[in-house]
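# Fold and geometry: a report
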Number of protein chains: 2
Amino acid sequence: MPVLRWGIASAGLISSDFAAAIRQYPSSENEIVCIAARSLKSAEAFAQKFNIAKAYGSYKEIAEDESVDVVYIGGIISTHAELMEMMMNAKKHVVCEKPFCMNSKQLRNVIAVAKKNDVFLMEAFWTRFFPVMSDFRKELNALGEIKVVTVNFGIDRVDVERMRTRELGGGATMDIGCYPTMFANFIFGSEKPEKIVASSQLLDTGVDQMTTVALHYSNGRMFNITLSINCKTDNTLRVFGQKGSLVLPGFFHPIELIAPEKTYKYDLPKSQYEMSFERSEGLGYEVKCVRDCILKGQRECPTMPWKDSIWIMEILDEVRRQIGVHFDADDTESSAL
Amino acid sequence: MPVLRWGIASAGLISSDFAAAIRQYPSSENEIVCIAARSLKSAEAFAQKFNIAKAYGSYKEIAEDESVDVVYIGGIISTHAELMEMMMNAKKHVVCEKPFCMNSKQLRNVIAVAKKNDVFLMEAFWTRFFPVMSDFRKELNALGEIKVVTVNFGIDRVDVERMRTRELGGGATMDIGCYPTMFANFIFGSEKPEKIVASSQLLDTGVDQMTTVALHYSNGRMFNITLSINCKTDNTLRVFGQKGSLVLPGFFHPIELIAPEKTYKYDLPKSQYEMSFERSEGLGYEVKCVRDCILKGQRECPTMPWKDSIWIMEILDEVRRQIGVHFDADDTESSAL
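Residues numbered from 1 in each chain as written. Chains lettered and ligands numbered in written order. Predicted model: local features only at pLDDT ≥ 70, side-chain atom pairs only at ≥ 80, totals over all residues. Heavy atoms only, no water.

### Focus on helix α10 (residues 283-295) of chain B
Because an α-helix packs 3.6 residues into every turn, residues spaced three or four apart end up facing the same way. Residues and elements named next belong to chain B. The end-to-end C-alpha separation of α10 is 19 Å, in line with the 18 Å expected for 13 residues at 1.5 Å each. Where burial is concerned, most of α10 is hidden: ten out of the 13 residues are buried. Along α10, the residues classified as buried are L283, G284, Y285, E286, V287, C289, V290, R291, C293 and I294. Against the buried residues of α10 lie β1 (4-9), α1 (13-22), β2 (30-36), β4 (70-73), β5 (93-96) and β6 (121-123). The positive-phi residue at the C-terminal boundary of α10 is G297, with phi of around 80°. (Helix = DSSP H or I, 4+ residues; strand = E, 2+ residues; numbered from the N terminus. Expected span 1.5 Å × (residues − 1). Buried < 20%, exposed > 50% of the residue type's maximum accessible area, 1.4 Å probe, protein only. Contact = heavy atoms within 4.5 Å.)

Written out as structure tokens, the structure is:
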């Protein structure tokens, strides 16, 4: 099996955890060939930590590096679209952190760029690759009709600059709302809700600190989301069906599933590095899938296909429209391809 | 201590459980002197079950019975206001099942009738009298600022005629929504939410089968309610504060409280009768408090005062307005007193 050669774009905490996850695999399978950040100094520190040969002070240098097969983009949301297009136009495959873009219009452009360049593109929804998810699907199917899903996601990070800043794609809906929305897509599929009702309290910076979203589906089914960036909650997803219920604690990086007749538990992959975020070792599942897809010549990952990313982004668009979180990118005309 | 003499209005399941709860006390303290129902036959069967001396085939006979001190009203919501007024105008004290009335306009009238007749009046919010509630208050106060509360209440009773019928005050908001709303009042007090956002799916009968309510309070605090009458949920209230969280399973009749450093558990009172509803033995707490209030000459119960009932009913009014559940009683002018 040939080696997959990774470039890492941005030297932030999540990139560091992702690099550590790549290192769960032998360098004969996955190798990190370069790291780039806006600051060369940050890139060099990152390169030193992970013993990466090349550190760049601009993202353009990754695009120009012929040894790179696939680029992992871990930076701030507002930079995603431009970086993805840059890399794909240089014929690199791309894995980009969630949420993919600032809005679905941007995302459709990005997907068009992937098609034009015939490269692999995937939103880095690591949750979907956790082993619990196949048992979750199996247990879902045993519950009869799913009627009610509740999920709360609360973190105490309202003072983090990036989270507060509209220009960077901050706020609860964008930063954490994408996770519950991904689960609505996973549980109810691509069916559109009959009605979406969102309400929020905004910070004076124009982004939301707390938001609720009700997705009303046909036949008396609903998916209710509670988001907060000013308070930690139990971050648990609860599914209620006609024949019983499922509980998924720590739903965005789940290693436990409480089903009617069984509690499933999973071990995380081991890492030689200390992680910045809880359970980031689980990024390794995603790394494996990306490699498998690219080696097979796939352009989309069946586990996290483009249509699901678009579905999620369209819900987030509508939530932001209702609560009044507006990005400059929402006013931009579609870019020429 | 003198005996408190009860009349029971309506012979339904909740009245039966309430009568059983009265019987937790010696007849020298609480005695049931009569039972009335629209059907004399039902009243007689009830009287026989509980060995009650007098069975009436009309509610008016309770009002005319001079041996009655206090009337428990357990019937259908749409009948509450008229029955309460009838009993209070006959100088009886009144305890009436929740929700008190069809809307807050009716409720204000009923309270005026209580004042005019100088009698005791209380909404039968049994939950407030459970012993867990004082520990819940204590633990709430230790959580720092409460930021997020989530509560779901789901039952599988959409096929019950009363639940489906608009004319009887059916639907999720009225039948079960009053409980979470009572907790919003208990936790955040009489402060009005800055914003109330409700959304729903209605049955073809014009009442709601599932509803979500977001109560947005100042300073980034919120109380989120999920209601369903087509699916059982875990019926748990979860409070997230800056210093930790509280979990109240079976929140509408709680006998357990999971606090940061301690799990509280409580025994229910014993009953010689089999109950129709789970944990109805807990109605005995309420019976005791009613007796104490009346013996002290109180007209309101400090644990469930009129202002709290009005607060709750006004929230339910607004929720119904937003989701489009309209009662004929909403169009009626204030009745003359």
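### A short note on the pattern of salt bridges
Within this structure, the stated rule accounts for 46 salt bridges over all chains. The structure contains a network of salt bridges with shared partners spanning A:D234, A:R238, B:D234 and B:R238. (Salt bridge = Lys/Arg side-chain N within 4 Å of Asp/Glu carboxyl O.)

### Some details on the interface of chain B and chain A
The partner chain A presents 34 residues to the 34 residues of chain B that form the contact. Of the roughly 2400 Å² buried between chain B and chain A on both sides combined, carbon and sulfur atoms contribute 62%. Inspection of the chain B/chain A interface yields two salt bridges. Here B:D234 makes a salt bridge to A:R238, at a shortest N to O gap of 3.6 Å. With seven residues, strand β9 (residues 208-217) of chain B is the single largest residue contributor to the side of chain B that touches chain A. The residue inventory of the side of chain B that touches chain A, partitioned by class, reads nine nonpolar, 18 polar and seven charged. (Buried area = accessible area lost by both parts, 1.4 Å probe. Nonpolar A, V, L, I, M, F, W, Y, C, P; charged D, E, K, R; others polar.)

### Let's talk about the relation of the copies chain B and chain A
Between chain B and chain A, the superposition needs a rotation of 180° and an axial shift of 0.0 Å, giving an RMSD of 0.0 Å. Look at the turn and shift together and you get a two-fold axis relating the two. Identified as the residue of chain B closest to the rotation axis by C-alpha distance is B:V197, at 4.1 Å. A symmetric contact is evident, with 100% of the interface residues of chain B recurring at the interface of chain A. (Least-squares fit on C-alpha atoms with pLDDT ≥ 70 in both.)

### Digging into the packing of helix α6 (residues 132-141) of chain A against helix α9 (residues 178-188) of chain A
Residues and elements named next belong to chain A. At a minimum axis distance of 11 Å, the contact between α6 and α9 shows a crossing angle of 50°. As far as their axial angle goes, α9 and α6 are oblique. Along the contact surface, α6 presents M133, F136, R137 and L140, while α9 presents F183, F186 and I187. A class-by-class count of the residues in the contact of α6 with α9 yields six nonpolar, no polar and one charged. (Axes fitted to C-alpha atoms, helices over the stretch in contact; angles between N-to-C directions. Parallel < 35°, antiparallel > 145°, perpendicular 65-115°, else oblique.)

### A few points about the domain arrangement of chain A
Residue and element names in this part refer to chain A. By the assigned domains, chain A splits into domain 1 (4-127) and domain 2 (131-265). One C-alpha centre belongs to domain 1, the other to domain 2; they are set 27 Å apart. If you look at the interface, domain 1 gives ten residues, while domain 2 gives 15 residues. Of all residues in domain 1, I76, F125 and T127 give up the largest surface area on contact with domain 2, accounting jointly for 48% of the area buried on that side. The interface formed by domain 1 and domain 2 includes four residue pairs in polar contact (both at pLDDT 80 or more). Within the side of domain 1 that touches domain 2, the residues separate by chemical class into seven nonpolar, two polar and one charged. (Domains from an automatic or database assignment. Polar contact = N/O pair within 3.5 Å; in protein donor to acceptor, adjacent residues only side chain to side chain.)

### Considerations on unusual backbone geometry
The omega torsion across A:K98 and A:P99 is -15°, close enough to zero to call that bond cis. Look at B:N235: it is not a glycine, yet its phi comes out positive at around 50°. With respect to the helices, strands and loops of the structure, B:N235 is situated in the loop between β10 (221-228) and β11 (237-241). For B:N235, a relative accessible area of 10% puts it in the buried group.

### Here's the deal with the packing of aromatic side chains
Residues and elements named next belong to chain A. On inspection of all chains with the given rule, the structure shows 36 aromatic pairs over all chains. Summarising the aromatic geometry, the rings of F18 and Y72 are spaced 3.8 Å apart at their centres and angled 10° between planes, so their arrangement reads as stacked. With a gap of 54 residues between them, F18 in helix α1 (residues 13-22) and Y72 in strand β4 (residues 70-73) connect regions that are remote in the sequence. Taken individually, F18 and Y72 each receive the classification buried, so the pair is uniform in this respect. (Phe/Tyr/Trp six-rings, centres within 6.5 Å; stacked < 30°, edge-to-face > 60°.)

### What to know about the pairing of strand β13 (residues 256-259) of chain A
Residue and element names in this part refer to chain A. The two faces of β13 differ: L257 and A259 on one face are buried, but E256 and I258 on the other face are not. Across four bridges, the pairing between β13 and strand β14 (residues 262-265) is antiparallel. What sits directly across from I258, in β14, is T263. Hairpin connection between β13 and β14: a loop of two residues separates the two successive antiparallel strands. (Pairing = 2+ DSSP bridges.)

### Side note on the packing of α9(A) against helix α11 (residues 306-323) of chain A
All names here are of chain A. Viewed as axis vectors pointing N to C, α9 and α11 meet at an angle of 125°, and their least axial separation amounts to 9 Å. Regarding the angle of α9 to α11, the classification is oblique. Considering how the two elements wind past one another, α9 and α11 form a crossing that is right-handed. The residues of α11 that touch α9, namely those facing C178, T181, M182, A184 and N185, are D308, W311, I312, I315 and L316. Its residues placed into classes, the contact of α9 with α11 shows seven nonpolar, two polar and one charged. (Left-handed = near helix turned anticlockwise from the far one by under 90°.)

### What to know about the sheet that holds strand β3 (residues 54-56) of chain B
Residue and element names in this part refer to chain B. What the six strands build is an open sheet, ordered β3-β2-β1-β4-β5-β6; its pairing is parallel. Since the sheet does not close on itself, it has two edges, and those belong to β3 and β6, each with one partner. Across the sheet, the mean angle from the axis of one strand to that of its neighbour is 20°, orientation sign disregarded. Pairing analysis gives six bridges linking β1 to β2, with the strands arranged parallel.

### A look at the side chain of A:S309
You can see A:S309 is positioned in helix α11. Excluding residues within four positions of it along the chain, A:S309 makes contact with A:F100, A:L107, A:E123 and A:M304.

### Focus on the sheet that holds strand β2 (residues 30-36) of chain A
Residues and elements named next belong to chain A. Reading across the sheet, the six strands line up as β3-β2-β1-β4-β5-β6 and stay open at both edges, with parallel pairing between neighbours. Every interior strand has two partners, whereas the edge strands, β3 (54-56) and β6 (121-123), have only one. Each neighbouring strand pair of the sheet contributes to a mean axis angle of 20°, computed without reference to strand direction. On the sheet, helix α2 (residues 40-50) packs against β1 (4-9), β2 and β3 and is oriented at approximately 160° with respect to β3.

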